[in-house]
Structures are given as structure tokens and as C-alpha cells.
Amino acid sequence: MQQIRAIVGTQWGDEGKGKIVDFLAKEADVVVRAQGGNNAGHTVEAFGKVFKLHLIPSGILYKDKLNIIGNGVVIDPESLIQEIENLEKEGISTENLKISDRAHLVMPYHKILDEEQERLRGEESLGTTKRGIGPAYADKTERTNLRVCDMLDEEEFIQKLRNVYERKNQILTHVYHKTPMKFGELLEQFMKYGEILKPYIIDTIKLLNDSIKAGKKVLLEGAQATMLDLDYGTYPYVTSSHPTVGGFCIGAGIAPKYIQEVIGVVKAYTTRVGKGPFPTELLDEIGDNIREKGREYGTTTGRPRRCGWLDLVVVRYAVLINGIDKIALTKLDTLSGLPKIKVCRAYKYEGKILELFPASLRVAMECEPVYEEFEGWSEEEIKAAKEYDQLPRSAKRYIEFIEKETGAKVFLIGTGPAREDIIIKD
């Protein structure tokens, strides 16, 4: 295995990154989450159970792995503590979990502001999870937010909270007509959180870089995906962080030169949650069938996902931006039973062929997918296959077309929800 691998989503998230991280974590020593908040969710099936992770890296399901929540993550302490308690109840130790002291906090007022801002946008709402992630990142950029280290120093926390408390209350009461927050309650609440999380909090930048120097194998775990990146995604229908390789370096505190391999996770079809352009969306029975068979409902919110054919314009764009070396293809089994399967290889716009995703949302909304059609395969054929050569010929043609169009080799193929439902392709 390469010493440091980065795992990125290539579409609009929900590609099955949690399963891929879980599968590859057995070869790693350290697993790092570097951006996003509890607006993300990774579902992993292991030990006959389903684990839904939101802030904690998927490597936590292995006892001997160091798991790091990096400085680029925004942390809702209440949510994180609940996640820790849920894992412990299931017999999963969190002893090897470490939290960056530089990570920023999601405060209660962030969640209220998120919900109210979405409400006021009306039909122009962004479709956020309303968990306060955007407002927390906004305060981080505005240089008025509180950080994890502040919870360990009451005097520092009081001073920083006072700097924003009155202003936030004025916005909440005068603009949104909400009940004002009480300073003492906020202080008491976060001092309690700090006490609970204190054993996990550390300078993770030093810890991670020391691990790299010691020759440890590191897995950088992405939340969300390339098309939700603040710069590269379908702005403004994006997240508030950078779920691309560059964002991992900033959010984990490591130099770009250390990343030796980038793995792009590609779902065998395309989904997205919330609003924004989706050229290959299927608003028909086929789309409904994919949603139900693939259990396409949000890990964090439970919202039904929009479903459509695989869009290689999107994947090709992600390969270019992230320098993806290999592809982990997930949920191939979901397409089983369809007589014909389509793949978008390009867009047609005003008579021109586009092979990369356009910046303009208006253009993206008006693009017509250019499809390649493939014969389908049966569910029995996929279930029976334990090696690449055992896959049905039509499925192999589908995979080889993805490789040809993106320029990246497929090396893992997901054929079911369980840990062991993965084919390794040489």
C-alpha cells in the first residue's frame, strides 16, 4: 500500500466512501477526516450491524487504528458526544480517537441561523441540512468563531463568546424574531462539552506529521464530494468546505507532497441531495427503482436522493481536479435487473460537445446528455461473482468504458452492502 492515500468523492456525495474507507483501513495505521461537519454521513455495514458515522472517521471500527478529526472539520460537540456514546454502546472503542484542538465549533446560534436563512430563501433555498455548518464556516472566515481549544480554557471561552454574543442575539431577535440565547447557559453547556471531550483533544497536526515521519500508513477520508466543493462544485448549491485533495492538506495539516495516491469513489450511477443542476436525473420509474433498490436516502437527514444515470462528465472533471489515480466503483449491484443501462459520456450545448462540467449553472441546466447504452445484467450474475473475471460480460464492458472515458483504472468494485462485497480488480 502507498504510505498516504486520499479518498475523494467524485460526484455529489453519497458514493459509498465510508465502505471504501472501511475496506482500505485494514491496511492503514491512521485514518483522518479533514473537512466538513456532521452534515456528512458515512454508512458502514460490519459485524452484522449498520453504523452511521457523521464526524468520526470510518476507521474507528478497527481497534488498532488511530482516528483523527482534523483542524478543517467544524464540530458540533453535542453531536460528536452522542456519536461516541452510540459507538461505545455497540462495543466499539473510541480510545484511539483524537480531535484537533484547532478545529472550529458549531454553536447553537449557527443552527438557528442556518434554518432561518434557508426559510427566508424560500424557493431559492440551497437545501442545506440545517445543522449550522455554513454559518460556522462563515464565522471561521469572518474570524469570529470559537475553537475546540477554547472549551478547555474557561477564561478564553468567556472572552471570545462575549465578542460575538450580543451581535448574534441582535440578529436572532431583531431579524428572525427568535428567543435570545442566555450567556450563562451557553458557557455552562460548552464547559461541560469540553470536560467530556478533553481526553480526545490534542495537537493533531504534530501527531499526524510524527506518524508520517515514523512510516505509518495514512488514509485521508473525504466527506461530501468534488461537485459540492466551494470552488469547483455547482455553486451556490455546494457545501462550505473543500472536499477535494487540496482541502485535505489544509484540513489535516500535512504537505501536499506526502500524498502518494488519490482514490476516487464513483457510484455506478449518479445521485444528489438538494437543489442544483443534475443533467442525467431520471424523473421516472427507473429513477424510482434505483432509489429504492439502492436505499438512496440521506444518512444524515433521511431525505430521498435524486437519482440518474452515471455522468462521466462529472467523474472526468473530478479526476482532473484531484489527480485521481484509481477508481473504487460502488453499488454496481443496484443496476442489476435493468434491461438497458445508459452512461453519459458528454454534454451537448448549443450544438457544441462539452466533455467537462461548465461553470455556469444556466449552461449546466440546459445541457443535453450524450449517452452510450449498454446491455444490463442480472442480480444473480453479480451476486455469484467473487472475482473480476466472474462478472458478466456486459458489466465488464460497463467498467472498461468508465476507465476509457476517465483515464483512471477501476481497482475496487462494490457488489453489495456488506464489508466483504467487494471485488479487487488487478
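Look above for the structure.
So, a few notes on the structure that sits alongside this text. (Residues numbered from 1 in each chain as written. Predicted model: local features only at pLDDT ≥ 70, side-chain atom pairs only at ≥ 80, totals over all residues. Heavy atoms only, no water.)

Pairing is mixed across the open sheet formed by 10 strands, whose spatial order is 9-7-5-2-10-1-11-15-19-20. On the outer flanks of this sheet lie strand 9 (201-202) and strand 20 (422-424), each paired with one strand and no other. Across 3 bridges, the pairing between strand 5 (residues 66-69) and strand 7 (residues 97-100) is parallel. Directly across from isoleucine 69, in strand 7, lies its bridge partner isoleucine 99. With respect to the sheet, helix 7 (residues 204-213) is in contact with strand 1 (4-9), strand 2 (30-33), strand 5, strand 7, strand 9 and strand 10 (218-221), its orientation differing from that of strand 5 by roughly 140°. (Pairing = 2+ DSSP bridges. Helix = DSSP H or I, 4+ residues; strand = E, 2+ residues; numbered from the N terminus. Contact = heavy atoms within 4.5 Å. Axes fitted to C-alpha atoms, helices over the stretch in contact; angles between N-to-C directions.)

Let us look at the pattern of salt bridges. Here the structure, examined in full by the defined rule, presents 33 salt bridges. The partner of aspartate 14 in a salt bridge is arginine 305, and the shortest N-O contact between them spans 3.3 Å. Highlighted residues: aspartate 14 in the loop between strand 1 and helix 1 (17-25) and arginine 305 in the loop between helix 9 (285-293) and strand 13 (306-308), separated in sequence by 291 residues. The class of arginine 305 is buried, set by a relative accessible area of 6%. The partner of lysine 340 in a salt bridge is glutamate 375, and the shortest N-O contact between them spans 2.3 Å. Linking lysine 340 in strand 16 (residues 340-349) with glutamate 375 in strand 18 (residues 368-375), this pair joins segments that are 35 residues apart in sequence. (Salt bridge = Lys/Arg side-chain N within 4 Å of Asp/Glu carboxyl O. Buried < 20%, exposed > 50% of the residue type's maximum accessible area, 1.4 Å probe, protein only.)

Side chains that are three or four residues apart share a direction in an α-helix, a result of its 3.6 residues per turn. End to end, helix 2 (residues 77-89) covers 18 Å across 13 residues, agreeing with the expected 18 Å (1.5 Å per residue, within 8%). Taken together, the buried positions of helix 2 are Pro77, Ser79, Leu80, Ile81, Glu83, Ile84 and Leu87. Buried positions along helix 2 lie against strand 4 (49-53), strand 5, strand 6 (74-75), strand 7, strand 8 (104-105) and helix 6 (183-197). Taking the backbone nitrogen of glutamate 78 as reference, a side-chain oxygen 3.1 Å away marks aspartate 76 as the first, capping residue of helix 2. Where helix 2 ends, the next residue or the one after it, glycine 91, has phi of about 85°, a positive value. (Expected span 1.5 Å × (residues − 1). Polar contact = N/O pair within 3.5 Å; in protein donor to acceptor, adjacent residues only side chain to side chain.)

Here we take up the state of the cysteines. The tally for this structure, following the rule as stated, stands at 0 disulfides. No disulfide involves cysteine 344; its sulfur sits 8.9 Å from the nearest other cysteine sulfur, which is in cysteine 367. Here cysteine 344 falls in the buried class, since its relative accessible area comes to 0%. (Disulfide = S-S within 2.5 Å.)

Attention now moves to the packing of helix 10 (residues 312-322) against helix 13 (residues 393-406). Look at helix 10 against helix 13: their axes get within 9 Å of each other, and the N-to-C directions meet at 50°. One finds that helix 10 runs oblique with respect to helix 13. Crossing handedness for the pair helix 10 and helix 13: right-handed. Contacts between helix 10 and helix 13 involve Leu312, Val315, Arg316 and Val319 from the first element and Phe401, Ile402, Glu405 and Thr406 from the second. In terms of residue class, the contact of helix 10 with helix 13 is made up of 5 nonpolar, 1 polar and 2 charged. (Parallel < 35°, antiparallel > 145°, perpendicular 65-115°, else oblique. Left-handed = near helix turned anticlockwise from the far one by under 90°. Nonpolar A, V, L, I, M, F, W, Y, C, P; charged D, E, K, R; others polar.)

Residue proline 236 is bonded to the preceding tyrosine 235 through a cis peptide linkage, with omega at 10°. Tracing the backbone shows proline 236 in the loop between strand 10 and helix 8 (245-252). Even without being a glycine, histidine 177 presents a positive backbone phi close to 55°. Considering the arrangement of structural elements, one finds histidine 177 in the loop between helix 5 (154-175) and helix 6.

To continue, consider the environment of glutamate 15. Its place among the elements puts glutamate 15 in the loop between strand 1 and helix 1. Each C-alpha atom of the pair glutamate 15 and leucine 412 lies 13 Å from the other, and the pair is 397 residues apart in sequence. Residues contacting glutamate 15, with those up to four places away along its chain left out, are Gly9, Thr10, Gln224, Ala225, Val265, Lys267 and Thr330. Engagement of the side chain of glutamate 15 in a polar contact is seen with the backbone nitrogen of glutamine 11, the distance being 2.8 Å.

Inspection of the secondary structure assignment puts lysine 342 in strand 16. Lysine 342 sits in the partly exposed class, given a relative accessible area of 31%. A C-alpha to C-alpha distance of 34 Å links lysine 342 and asparagine 38, two positions 304 residues apart in sequence. Excluding residues within four positions of it along the chain, lysine 342 makes contact with Trp309, Leu310, Tyr371, Glu372 and Glu373.

For the structure on display, the rule yields 9 aromatic pairs. Ring geometry for phenylalanine 157 versus phenylalanine 190: centroids 5.8 Å apart, planes at 25°, classification stacked. One end of the pair, phenylalanine 157, is in helix 5; the other, phenylalanine 190, is in helix 6, and 33 residues separate them in sequence. In this structure phenylalanine 157 comes out as buried when scored by relative accessible area, which is 0%. We classify phenylalanine 190 as buried; its relative accessible area is 1%. Between tyrosine 347 and phenylalanine 357, the aromatic rings sit 6.0 Å apart at their centres with planes inclined by 75°, giving edge-to-face as the arrangement. Taken together, the residues tyrosine 347 in strand 16 and phenylalanine 357 in the loop between strand 17 (352-354) and helix 11 (361-366) connect sequence positions 10 residues apart. Comparing tyrosine 347 with phenylalanine 357 shows no difference in burial state: the two are buried. We note lysine 425 situated over the ring of tyrosine 388; from NZ or CZ to the ring centre the distance is 5.1 Å. (Phe/Tyr/Trp six-rings, centres within 6.5 Å; stacked < 30°, edge-to-face > 60°. Lys NZ or Arg CZ within 6 Å of the ring centre and 35° of its normal.)

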